[in-house]
Amino acid sequence: MWFSIARPALGRRSRGGFDVPFLAILLLLLCFGLIMLFSAGYAVALYRRGDAYVYIRPQLLFAALGVAAMYAASLVDYHIWHRLAWPLLGVSLALLTVVLFMPEYNGCKRWIVIPGLGTLQPSEIAKFSVVLVFSHLISLNHDRMKRFSVGVLPFALILGVVAALMLLEPHLSGTLLILGIGAVLMFVGGTGLQWFGIAGAVGAGGIAAALVLLPDLVPYAADRLSSWLDPFADPLGDGHQTIQSLYAIASGGTVGLGLGNSRQKYLYVPEPQNDFIFSILCEELGFVGAALVVALFLLLFLRGMRIALHARDKFGALLVVGFVSQVIMQAVLNIAVVTNTIPNTGISLPFFSSGGTSLLMLLGEMGIVLSVSRQADAG
């Protein structure tokens, strides 16, 4: 499947300029996220580290670096990523291997500790490299994507290796996200629909095999599932995080308690600055604030798809689809977890949750989207 690449005038953008509406939505999300991170995280930061600014200070630094990276990426011809796709995939696979030898945190090995600099999360680089490689391969072989040897096999091999390494951490949410990104790009790129049905059956078999070959996943996954079905069965254990999140959302009501006035962030919600920041947002800003965040992500998606439709070539369109879909799928998964719609998968909210690697990579990716929009308008 492919969409037509027509390029009518894009209205408010000047010829050769960035997509201004996309950039404006992006900066609104970034500023909103920084404000909410400080509000949600200062109490737990003061308790854990004795410094209320311990989360917001590095986030501001990475936000500044990310905006600089976004601007630089937007000025570079995005076709350069054709040459860098495979090398970056190799780097990401090496980092996913190295992280398995790092110390555990909360039962997982997801971060590489860099003395004096902080931590690096290889899964964020893996998401980036998968989008690059898939876009590279599909754009070169778009007219042969119906064939199994071209439209399925190479992508399945790449996803299989990446997923296996991430499951060893274990990082179920990241694995699901990367598989979802890959599936979206293959679908848009023209892979035959029958292969998706077969992939679903193979995926179910793969999960069963993983549970047998990786026994550590069994209690990990089983605990997450049972706490999702009935969090109140273990209110001081596995269900604690979900229960406190739901309390925060419920207490927010329509307009919330006011920015900075959350009660649940005072050591009730365990990770208010990270995976469960959306619940604090709901408590402080209510349904109105939550709806605003959802609306901003929706606008980012719609504007991103508009850029993809007007891209100069298939490679540019695929890059935009991959990067924007990543942001939206991650946001949907996070909000679904926070509201207990799906089991807790430990996934962050883009542009809001604490995490320098994630923010830097996201902004860099958005710079590539802006590069595609700039060249489409100029062409």
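Residues numbered from 1 in each chain as written. Predicted model: local features only at pLDDT ≥ 70, side-chain atom pairs only at ≥ 80, totals over all residues. Heavy atoms only, no water.

K.L.:
What should I look at first to understand the overall build of the protein in this one?
P.N.:
Of the regular secondary structure elements, the protein holds 13 helices and two strands. Considering the protein as a whole, with its 379 residues, one finds that 51% of them fall into the buried category. Sequence-distant contacts, at least 24 apart, represent 75% of the contacts inside the protein between residues at least 6 apart. By element, 71% of the accessible surface of the protein is carried by carbon and sulfur atoms, the whole surface being about 16,400 Å². (Helix = DSSP H or I, 4+ residues; strand = E, 2+ residues; numbered from the N terminus. Buried < 20%, exposed > 50% of the residue type's maximum accessible area, 1.4 Å probe, protein only. Contact = heavy atoms within 4.5 Å. Areas by Shrake-Rupley, 256 points an atom, 1.4 Å probe, with all protein chains shown as cover.)

K.L.:
I'm lost on the pattern of salt bridges in this one. Help?
P.N.:
A side chain with one charge can pair with a side chain of the opposite charge if their charged atoms come near. Taken as a whole, this structure holds five salt bridges when the rule is applied. Among the ionic pairs, Arg 303 bridges to Asp 19, the shortest N-O distance being 3.0 Å. Taken together, the residues Arg 303 in helix 11 (residues 277–309) and Asp 19 in the segment before helix 1 (20–49) connect sequence positions 284 residues apart. The class for Asp 19 is buried, based on a relative accessible area of 1%. The partner of Glu 284 in a salt bridge is Lys 265, and the shortest N-O contact between them spans 3.0 Å. Here Glu 284 is found in helix 11, whereas its partner Lys 265 is found in the loop between helix 10 (240–252) and helix 11, with 19 residues between them in sequence. (Salt bridge = Lys/Arg side-chain N within 4 Å of Asp/Glu carboxyl O.)

K.L.:
Please clarify how the nonpolar core should be interpreted in this entry.
P.N.:
Buried together is how nonpolar side chains tend to be arranged in soluble globular proteins. One finds Phe 22, Phe 278, Phe 297, Phe 323, Phe 351, Phe 352 and Met 366 to be the most contacted residues of the largest nonpolar core, which totals 90 residues. No other element matches the 14 residues that helix 12 (residues 314–338) contributes to this core. Those residues in contact with Phe 323 that lie beyond four places of it in its chain are Phe 128, Val 131, Leu 132, Glu 365, Met 366, Ile 368 and Val 369. (Core = buried A, V, L, I, M, F, W, Y, C linked by side-chain atoms within 4.5 Å.)

K.L.:
Looking at this model, I keep getting lost on the side chain of Glu 283. Mind explaining?
P.N.:
Here Glu 283 shows up in helix 11. At 4.5 Å, Arg 263 is the nearest oppositely charged side chain to Glu 283, a buried residue that forms no salt bridge. Only 3.4 Å separates the side chain of Glu 283 from the side chain of Ser 251, close enough to count as a polar contact. Discounting residues that sit within four places of it in the chain, Glu 283 has contacts with Ala 248, Ser 251, Gly 252, Gly 256, Leu 257, Ser 262, Arg 263 and Gln 264. (Lys, Arg positive; Asp, Glu negative; His and termini not counted. Polar contact = N/O pair within 3.5 Å; in protein donor to acceptor, adjacent residues only side chain to side chain.)

K.L.:
What should I look at first to understand helix 7 (residues 172–189) in this one?
P.N.:
Since the α-helix advances by 3.6 residues per turn, residues separated by three or four positions end up pointing in the same direction. Given a rise of 1.5 Å per residue, 18 residues ought to cover 26 Å, and the 26 Å separating the end C-alpha atoms of helix 7 matches this to within 8%. Every buried residue of helix 7 is listed here: Ser 173, Gly 174, Thr 175, Leu 177, Ile 178, Gly 180, Ile 181, Gly 182, Leu 185, Met 186, Val 188 and Gly 189. Looking at the residues trailing helix 7, positive phi occurs at Gly 190, about 115°. (Expected span 1.5 Å × (residues − 1).)

K.L.:
Help me understand the environment of Glu 283, please; the structure alone is not making it clear to me.
P.N.:
What makes Glu 283 buried here is its relative accessible area of 0%. Residues Glu 283 and Gly 258, spaced 25 residues apart in sequence, show a C-alpha to C-alpha distance of 8.1 Å. Within the local environment of Glu 283, its side chain forms a polar contact with the side chain of Ser 262, the two groups lying 2.5 Å apart.

K.L.:
I'm lost on the packing of aromatic side chains in this one. Help?
P.N.:
Here the distance between the centres and the angle between the planes together describe a pair of aromatic rings. Counted according to the given criterion, the structure contains eleven aromatic pairs. On the basis of an interplanar angle of 10° and a centroid distance of 5.6 Å, the ring pair of Phe 128 and Phe 323 is categorised as stacked. Linking Phe 128 in helix 4 (residues 122–140) with Phe 323 in helix 12, this pair joins segments that are 195 residues apart in sequence. Phe 323 matches Phe 128 in its accessibility class, with the two residues each being buried. Members of the aromatic cluster, each reached through a chain of ring pairs, are Phe 32, Phe 297 and Phe 352. (Phe/Tyr/Trp six-rings, centres within 6.5 Å; stacked < 30°, edge-to-face > 60°.)

K.L.:
What's the story with the confidence of the model for the protein in this structure? I'm lost.
P.N.:
Note: predicted coordinates in regions of low pLDDT should not be interpreted at a detailed level. Mean pLDDT over the protein stands at 87; residues scoring 70 or higher make up 89%. Per-residue pLDDT, averaged within each element of the protein, yields its smallest value for helix 9 (residues 217–229) (65) and its largest for helix 11 (97). Confidence over residues 1–15 falls short of pLDDT 50; this stretch has 46 contacts with residues more than four positions distant or in other chains. (pLDDT = per-residue confidence, 0-100.)

K.L.:
Any chance you could explain the packing of helix 6 (residues 153–167) against helix 7 here in plain terms?
P.N.:
Interaxial distance between helix 6 and helix 7 falls to 9 Å at its minimum, and their mutual angle equals 170°. On the basis of their axis angle, the class for helix 6 and helix 7 is roughly antiparallel. Residue-level inspection shows Phe 155, Leu 159, Val 162, Ala 163, Met 166 and Leu 167 of helix 6 in contact with helix 7, the latter providing Leu 172, Gly 174, Thr 175, Ile 178, Leu 179, Gly 182 and Met 186. Grouping the constituent residues of the contact of helix 6 with helix 7 by class yields ten nonpolar, three polar and no charged. (Axes fitted to C-alpha atoms, helices over the stretch in contact; angles between N-to-C directions. Parallel < 35°, antiparallel > 145°, perpendicular 65-115°, else oblique. Nonpolar A, V, L, I, M, F, W, Y, C, P; charged D, E, K, R; others polar.)

K.L.:
Looking at this model, I keep getting lost on unusual backbone geometry. Mind explaining?
P.N.:
For residues other than glycine, phi is negative in most cases, and the peptide bonds are mostly trans. Geometrically, the link from Glu 169 to Pro 170 is a cis peptide bond, its omega value of -10° lying close to zero. Relative to the helices and strands, Pro 170 is located in the loop between helix 6 and helix 7. Although it is not a glycine, Leu 267 sits at a positive phi angle of roughly 70°. Tracing the chain through its elements places Leu 267 in the loop between helix 10 and helix 11. With a phi close to 75°, Phe 351 is a non-glycine residue in the positive phi region. Structurally, Phe 351 is set in the loop between helix 12 and helix 13 (356–378). Judged by relative accessible area, which is 3%, Phe 351 ranks as buried.

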